[in-house]
Amino acid sequence: MPPIVTVRQQSFASGELAPELYGRTDLEQYATGLRECLNFYISKHGALVSRPGTTDLGAASSNSTASRLIPFYFEGGSAYVLEFGHNTIRVWYQGALIAIDGAATSIVTNWSTAECAELKFSQVGDVLTIVHSSDDPYTLTRASHNDWNLAVYSVELPQFLAPLPSILEALPVADATHPEKEWRWKFTSIEQQADGKITESAPVEVDYSTNGDPAGTRTETILPDRLIALYPDAATFFVTLDWSGGVFIGTSAFLGFRIYRGRGRLLGLIHQTDAEGDDIAGTLSRWVDDAADADYTQQPPQGTNPWDVRNAAGGIERTERPTCVAYFEQRQVFGGASVDATSYRPGLLVFSKTDDLTNFDRKSSPIFNVASDPIEITLAATKREQIRALLPIQNRLLVFTDQSVWTVGGSAGALSATDLPEVRRQLDVGITENLDPIVVDGDILFVRSKANGVSAIAYSNDRGAFEERDLSYAAQHLFDGRTITSWCLQKDLGILWLVMSDGLILSGTYNKGSGTIGWCRHNFDVLGHRYAESVCCIPESGVDKVYFATYDNASPNFRRIERLASRLVAEDGSGDPDPTTYVGLSGAKTYSSPGSTTLTGLTHLAAQSVYALVDGLLQGPLTVTAGGEVTVTGSAPTSACVGKLYISIAQLLDTATAKGRVKNVKVVDLDVIASKGLFTGQTSALATAALSQDVDLLAAYTGTTLFTGTVQARIESSWKTSGRVFVGSTYPLPTTILAVQRSGEIGGDG
C-alpha cells in the first residue's frame, strides 16, 4: 500500500508567488505562499479572505475620460472623496455626490485628464494645496459641507488699512554733532481675517511732509532725499497714522499698526500700536519717533513669491512652479521648481515661515534671521535629481527624487533659519513620478522609478541610516509589463490597494516583522469587462471605505464611481447576513422591500449579464434591459442585490514533501470561519462554469447561514507530481479560510 502523506498549510501570508519561486521550497515564503490567488486578500493573521463586492454610487464626471480619486480628511474622523476629472472637481460624501453652492455639483479647473494624473496634494485643516509642474499652485478650501472654493495659491499681502501716513511738524535741525542721514519709514496694518488668521498688510512708505501744519490745509511736499537728523534729544516730530474715524475703526478686523524705520532696503521694527492708536494731540491719532533702536530681526513683509526668478535689474525673468508639496514642523514646504514641466531648479526646497504658511519673505541679510524665518535648501546632488515627493517623519523630512532618498532636518533639533540644516542622501533608489509614499506600521512604502515594483524603507538603529527592502520580488510577475497608476492604504485591515495600468487590481498585506507582503490579484467580473482606473480610501462611520473609479468596456462603456462593501460578519458564524448590507457582487445595487419582482435602476449595467442574490438565494444569469431593469423569479423579495458575478479562487503550491514523486490527493480539510459556497478540487472548474466545481463543500444553497468549523471533502483525484489543489468560493457571501490540509498517497518517481 502506498505511503500516506499529509500536508497542512496554516497561513497564506506570502500571497501569490512568482513562477521563479515555485521550486524554492527552502524559502519561508513557500510554506505560506500560493500559486494563484484571485479575489481573495490576506488578513493580518494570514487567513484567506474573499473580497467583498462593490456598490455602484453613480456616474463618474465623464464617460469618455478617466477620473482620479483623492481623499480629503475632515474633523471627527469623517472625510470626503474628491473626484478630479477633465477640467472639473466633484465631491463625494458617504457614498453620495454633494451639491456645491446649492446647485452645481462640480468645480471648474484648468487641469486636463492627463494633468489630473500628475497632480500632487497636501492638506492642513480645511485647505488642500494642489501643485502641478506646469501650472500655478492652487488651494481647495472647504468653507462648509456644500461650500468649496478653488483659488490660486497666493503669497500676496492684504492692502494697508488707512490713509497714507506723513511726517508732521518741522523736521529736526541738523548740526555738526547730528548730521543728516537717510531715514525711511514704512507702516503696516494688522488685521484678523474671517477665518481667524492674523495677517500683516503690505507696507506703505512715508513719502510726504506736511511742513508743520497738522490741523490746517496739510499742503504736502515730497521729502527731499530722505535726509533727516534723527536723535533722541532733537526737536519732536510726529508721524501721523490718521485712522480716527476711519472705516476700519471699531471693527474686529483691525488690530493696529506696525512701524519700521531704517536705511536703504534694511528696515526694522520700532513700534506697534493697538487698535485705538497712540493719541497725542487729542484730535488726531499720532505717534512720536524718539529715535529708539530698530529691531532688524523683524522687517516689513514683502509678499515674496519664492518661484519668481529675477534678473539683475530686479525684473521677473521667469516664474517657476513647484512639483510637490508637504507640511513639516508647522511650515509649508514645496519641492522642485519647473516652468511648463521643464525643470530649472529640480533640487530646490522652499520652507515657509513657521506658523505662517504663505510667508516666504527672506531677510535682507541672514545675520538678522530668527529661527522661524523661511528657508531655502538645494540638494547637493552629484547628478541632476528631480524632487518628486515629500514625507515628514518625526523630526526629519524625507525627500524622494527620481534617483534617491534624502533626509532634511535641523542640525540641533527643529529646522531653523539660524542654523545650517542637516541634509543627507540615504538611499540610491528613486520614486515613481506621480505616486506619493504611504506609511504602514511606521515603515515607508513607495513605488520605485526603476525595476518596477514596491519598496519599503525603515530606519536602522544599528546602521544609523535608512534601509530598503524590495516588497515585490516574490510576486514580480504581477508587476512586470504593468505600472502602478493609483494606490491607497485601507488602514483598519492593513491592506494596500493598487490599480495597475491595465486595470488589474492588486491587494497587498504588509508584515512588518518579516518585511514581506502578501500580494493577491482582483477583478470585477468573470468576463473581464470591468476595470479600475483609480482608488482611494477614507474613514466613514468608524471603518475605512475604499472607493474605485471604474470603467466597463462592454456596451454602453460606462465610467462609474463604486465603493467596496464592508466585509464585517459575525466571526462565530451566527446569524444570517443581510444581502442588502453584505454585497458580494460588483457594481451592485441593493434593494429593500422593492415591492415588485422587477428591479430597476440598473442602467449602468444595461444589456449585460448579471446575477441577483434574492432573499439569500442566487439567481442568474439575468440580462439587464436597455432601460436598466431585471426581473427575478418568485414573489417580490424582501431584500435583493444585483450586480456582476466574480469568483474567489486560490491554487496551492506543489507539496514540498516527496518533491518529484507522484501524489494522489484524496482528502482536503479546510478550517473556515463564517463561510458559504466553498469548493475544492484538483482542477479549476471555476474557469469554465461559475457554479459547478469538483466538490462543493457546502452544497445546500438553501439560505444564507454561514458555517464555522472544519469541513472535509473527498475529491476526484489522479496521480500527479504536484499534489496541488484549488480552493475557493463562488457564492456572493463571505468565505474565510484559515488552513488547508491535503491528504493522499505517495507513489514513485513522476
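Visitor: I'd love a proper account of unusual backbone geometry, names of residues and values included.
Guide: Geometrically, the link from Gly620 to Pro621 is a cis peptide bond, its omega value of 5 degrees lying close to zero. Here Pro621 shows up in strand β54 (residues 617-623). Although it is not a glycine, Asp441 sits at a positive phi angle of roughly 50 degrees. Residue position: Asp441 is located in the loop between β40 (438-440) and β41 (443-447). Residue class for Asp441 comes out exposed when judged on its relative accessible area of 54%. The backbone phi angle of Ser541 is positive, close to 55 degrees, even though this residue is not glycine. Here Ser541 lies in the loop between β48 (530-540) and β49 (543-552).

Visitor: Lay out the sheet that holds strand β36 (residues 387-393) in plain terms, naming residues and giving numbers.
Guide: Taken in spatial order, the four strands make up an open sheet running β36-β37-β38-β39, and their pairing is antiparallel. Of all strands in the sheet, those bounded by a partner on one side alone are β36 and β39 (421-427). Pairwise comparison of adjacent strand axes, ignoring direction, gives a mean angle of 25 degrees for this sheet. For strand β38 (residues 405-410) and β39, the ladder comprises six bridges, and the chain directions are antiparallel. Looking at β39, one finds that Gly410 is bridged to Pro421.

Visitor: Break down the nonpolar core for me, with residues and values.
Guide: Generally speaking, soluble globular proteins have nonpolar side chains that are buried together. Counting 22 residues, the largest nonpolar core has Trp487 and Leu498 as its most contacted members. Once you skip the residues sitting within four places of it in the chain, Trp487 turns out to touch Leu435, Asp436, Pro437, Ile438, Leu445, Phe446, Val447, Val454, Leu496, Trp497, Leu498 and Val535.

Visitor: Which residues make up the sheet that holds strand β43 (residues 465-470), and what are the values?
Guide: Strand order in this open sheet of four strands is β40-β41-β42-β43, and the pairing throughout is antiparallel. With partners counted over all chains shown, the strands left at the sheet margins are β40 and β43, one partner each. Across this sheet, the average inter-strand angle for adjacent strands is 30 degrees, counted without regard to direction. Note that strand β42 (residues 454-460) and β43 share six bridges and pair antiparallel. Each residue of the ladder has a partner; that of Ala458, found in β43, is Glu467.

Visitor: Please give an account of the pattern of salt bridges that cites residues and values.
Guide: Pairing between side chains of opposite charge can happen when their charged atoms approach one another. Tallying each qualifying case throughout the model produces 32 salt bridges. Here Glu320 and Arg345 are joined by a salt bridge, their closest N and O atoms 2.6 Å apart. Taken together, the residues span a long stretch of sequence, with Glu320 in the loop between β29 (316-319) and β30 (324-328) and Arg345 in the loop between β33 (342-343) and β34 (348-351) at a distance of 25 residues. For Arg345, a relative accessible area of 26% corresponds to the partly exposed category. Through salt bridges with shared partners, one network takes in Glu317, Arg318, Glu320 and Arg345.

Visitor: Tell me about the pairing of β36, and please be specific about residues and values.
Guide: Most of β36 sits out of view: six of its seven residues are buried. Between β36 and strand β37 (residues 396-401), which follow one another and run antiparallel, lie two residues, and Gln394 among them has a positive phi close to 55 degrees.

Visitor: Just give me the short version of the environment of Ala412, but keep the residues and values in it.
Guide: Residue placement: Ala412 occurs in the loop between β38 and β39. Taking the C-alpha atoms as reference points, Ala412 and Glu422, ten residues apart in sequence, are found 8.7 Å from one another.

Visitor: I'd like a rundown of the state of the cysteines, residues and numbers included.
Guide: Counting across every chain of the model gives zero disulfides. Distance from the sulfur of Cys37, which forms no disulfide, to the nearest cysteine sulfur (Cys520) is 3.2 Å. The exposure class of Cys37 is buried, given its relative accessible area of 0%.

Visitor: Go over the environment of Ala13 with me, naming the residues and quoting the values.
Guide: With respect to the helices and strands, Ala13 occurs in the loop between β1 (4-9) and β2 (15-16). The class for Ala13 is partly exposed, based on a relative accessible area of 26%. For the pair Ala13 and Thr509, spaced 496 residues apart in the sequence, the C-alpha separation amounts to 7.8 Å. Look past the residues within four positions of Ala13 in its chain and what remains in contact with it is Thr32, Ile42, Gly46, Ile517 and Gly518.

Conventions adopted
- Residues numbered from 1 in each chain as written.
- Predicted model: local features only at pLDDT ≥ 70, side-chain atom pairs only at ≥ 80, totals over all residues.
- Heavy atoms only, no water.
- Helix = DSSP H or I, 4+ residues; strand = E, 2+ residues; numbered from the N terminus.
- Buried < 20%, exposed > 50% of the residue type's maximum accessible area, 1.4 Å probe, protein only.
- Pairing = 2+ DSSP bridges.
- Axes fitted to C-alpha atoms, helices over the stretch in contact; angles between N-to-C directions.
- Core = buried A, V, L, I, M, F, W, Y, C linked by side-chain atoms within 4.5 Å.
- Contact = heavy atoms within 4.5 Å.
- Salt bridge = Lys/Arg side-chain N within 4 Å of Asp/Glu carboxyl O.
- Disulfide = S-S within 2.5 Å.

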